[in-house]
Amino acid sequence: MSEPTQEFQFSEDLIALREMVREFCQEMSPESAVRSAMESESGYDAALWRRLGSELGVFGLAVPESLGGDDAGLVAQAILFEEMGAALVCGPVVGTLALAVPALCALSDIGAAAPHLAGAMSGDTVLTLAAPIGDGVFVAEDATVSATTSEGTWTLHGVATHVADGMAADAALIAARTSDGIALFLVDTADPGLTRTALTTMDLTRRQAQYELKDVVGVRVADEIETPAVCEYAARVGAVLIAAEQVGGSQAMLDRTVDHAKNRLQFGQAIGAFQAVKHKCADMLMAVEQARSVAYHGAWAIQDDTDDPRLAASLARAVASETYFRTTATAIQLHGGTGFTWEYPAHLYFKRAVADSAVLGSAERHYELIAEQALDAPVVGAV
């Protein structure tokens, strides 16, 4: 009989990491800073982002030591995302940390991209990944960029849309169709053949862009055999990291709502004394704890390569997306008229919840993937 699988536990180092990041985010990313950043041209404070990368050194937590990272694991990286989500930290979280860095770490030959990875970890370089993984899985047929080669030089043509942090990116990893399949190319966004157009987003702290490429020079960093696996890995890692961020936002809304219920008086007593309010707060708590469990299980499953990382990532993505949306919606309801005002931060979390729910596949899409993997998989021992 095999030994039962041992789940991870938060070590003292991980607890200390959480406290350090939480203290920094609460001090450096208060609501006023978030509102200021979202109204700026870039959508984030570049100096604050560099401090997170260089001063705290938390952007390379899941990067192997051989690539210059800390090799602390994906669970540690998920803690960073949870705390940044709680404080609504603005920055190239999705494009750089959730997608591009994992993709670079999955390359068999980091060669040409090594300086960009180092810059991303220090916070000096903004990266993004434009690949057909919008539904959380790699779909070669969805590639909208093509690449041709002449005398050893690759040039890219086509349009890539909904590129996360695309306007701020210094370089981009772009999956493009070649005569042999889909390969991954590193592109300098300053290339004169690349035109960037900012897209309108509901959440101003989550910027997207459309890339139009005409004879853009690219360096192939993964061939047609390796690229699908690299993109799939980035999609799985991105899914659990965004799930952790959603947990942080959900917890922040729960905490604010409970505090409001304790202090808001109606009919001579706190509204938290009313059974209907108690039940909604209890439901929020149960949902947040469930989301936290599946998010960290997803990070742990990928980190230790166990418990079917694909299934764990889809479960984390689906549950955390639903939880964040419902928690923020309930928080607004329980705050009454105050919750609907521009001055109160609930709408900032609600917009982030909506934006996150569209990244790397909706909850419905991931439930479909879970069903495909769990129900269509062969049953061990079946005749």
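Residues numbered from 1 in each chain as written. Predicted model: local features only at pLDDT ≥ 70, side-chain atom pairs only at ≥ 80, totals over all residues. Heavy atoms only, no water.

### Details of the overall build of the protein chain
Next, step 1: Check the secondary structure of the protein chain and you find eleven helices and nine strands.
Next, step 2: For 383 residues, the compact-globule estimate of 2.2 N^0.38 gives 21 Å, and the C-alpha radius of gyration of the protein chain, at 21 Å, lies within 12% of that figure.
Next, step 3: The principal-axis extent of the C-alpha atoms belonging to the protein chain is close to 80 × 60 × 35 Å.
Next, step 4: Looking at the protein chain alone, contacts between residues at least 24 apart form 75% of all its contacts between residues at least 6 apart.
Next, step 5: Per element, the accessible surface of the protein chain, about 17,400 Å² overall, is 53% carbon and sulfur.
Next, step 6: Averaging the positions of the 24 positive and the 51 negative side-chain charges in the protein chain gives two centres separated by 9 Å. (Helix = DSSP H or I, 4+ residues; strand = E, 2+ residues; numbered from the N terminus. Rg over C-alpha atoms; globule rule 2.2 N^0.38 Å. Contact = heavy atoms within 4.5 Å. Areas by Shrake-Rupley, 256 points an atom, 1.4 Å probe, with all protein chains shown as cover. Lys, Arg positive; Asp, Glu negative; His and termini not counted. Charge placed at Lys NZ, Arg CZ, Asp CG, Glu CD.)

### Digging into the domain arrangement of the protein chain
Next, step 1: Assigned domains of the protein chain: these are domain 1 (12-122), domain 2 (127-224) and domain 3 (229-376).
Next, step 2: The C-alpha-based centres of domain 1 and domain 2 are spaced at 22 Å.
Next, step 3: Taken together, the 25 residues of domain 1 in the interface contact 18 residues of domain 2.
Next, step 4: In total, domain 1 and domain 2 occlude about 1,600 Å² of area from one another, counting both sides; carbon and sulfur atoms represent 70% of this.
Next, step 5: Here domain 1 is connected to domain 2 by zero salt bridges.
Next, step 6: Residue assignment for the side of domain 1 that touches domain 2 shows that the elements contributing at least two residues are α2 (31-38), α5 (93-105) and α6 (114-122). (Domains from an automatic or database assignment. Buried area = accessible area lost by both parts, 1.4 Å probe. Salt bridge = Lys/Arg side-chain N within 4 Å of Asp/Glu carboxyl O.)

### A closer look at the UniProt feature "domain: Acyl-CoA dehydrogenase/oxidase N-terminal" (unreviewed entry) in the protein chain
Next, step 1: Mapped onto this numbering, the UniProt entry gives "domain: Acyl-CoA dehydrogenase/oxidase N-terminal" (unreviewed entry) at residues 12-95.
Next, step 2: Between the end C-alpha atoms of residues 12-95 the distance is 30 Å, and the span holds 61% helix and 0% strand. (UniProt positions renumbered as here; feature names shortened; annotations may be inferred.)

### Digging into unusual backbone geometry
Next, step 1: In this model, D165 sits at a positive phi of 55°, which is unusual for a non-glycine residue.
Next, step 2: Here D165 shows up in the loop between β3 (153-164) and β4 (171-178).
Next, step 3: The backbone phi angle of D308 is positive, close to 55°, even though this residue is not glycine.
Next, step 4: Take D308: it is sitting in the loop between α8 (275-304) and α9 (309-334).

### Quick look at the environment of A299
Next, step 1: As for its position among the elements, A299 is in helix α8.
Next, step 2: What A299 contacts, discounting residues up to four positions off in sequence, is L74, V75, A78 and V240.

### Re the packing of aromatic side chains
Next, step 1: Following the criterion strictly, the structure yields four aromatic pairs and no others.
Next, step 2: Both rings, one in W49 and one in F59, keep their centres 4.5 Å apart while their planes meet at 35°; by these two values the pair is tilted. You can see W49 sitting in helix α3 (residues 46-55) and its partner F59 sitting in the loop between α3 and α4 (74-86), a full ten residues away along the chain. The same class applies to W49 as to F59, namely buried. (Phe/Tyr/Trp six-rings, centres within 6.5 Å; stacked < 30°, edge-to-face > 60°. Buried < 20%, exposed > 50% of the residue type's maximum accessible area, 1.4 Å probe, protein only.)

### Description of α9
Next, step 1: Between the first and last C-alpha of α9 there are 37 Å, a value that for 26 residues agrees with the 38 Å anticipated at 1.5 Å per step.
Next, step 2: Positive phi appears at G336, one or two residues downstream of α9, with a value of about 65°. (Expected span 1.5 Å × (residues − 1).)

### Brief notes about the pattern of salt bridges
Next, step 1: One pass over the full model with this rule turns up 16 salt bridges.
Next, step 2: For the salt bridge of E245 with R352, the shortest nitrogen-to-oxygen distance reads 3.3 Å. Remark: R352 occurs in helix α10 (residues 346-357) and E245 occurs in helix α7 (residues 227-263); sequence separation between them is 107 residues. Comparing E245 with R352 shows no difference in burial state: the two are buried.
Next, step 3: Of the charged contacts, one joins E289 and R292 as a salt bridge, the two residues approaching to 2.9 Å between their closest N and O atoms. Residue E289 and its partner R292 are located together in helix α8, separated by three residues, close to a single helical turn.
Next, step 4: We classify R292 as buried; its relative accessible area is 16%.
Next, step 5: Beyond isolated ion pairs, a larger network of salt bridges with shared partners links R18, R22, E82, E83, E289 and R292.

### Brief notes about the pairing of strand β7 (residues 208-222)
Next, step 1: With eight bridges joining them, β3 and β7 adopt antiparallel strand pairing. Each bridged residue has a counterpart across the sheet, and for G158 the counterpart in β7 is L213.
Next, step 2: Sheet topology places strand β5 (residues 181-188) next to β7; four bridges connect them, and they run antiparallel. When the bridges of β7 are listed, F185 appears paired with R220. (Pairing = 2+ DSSP bridges.)

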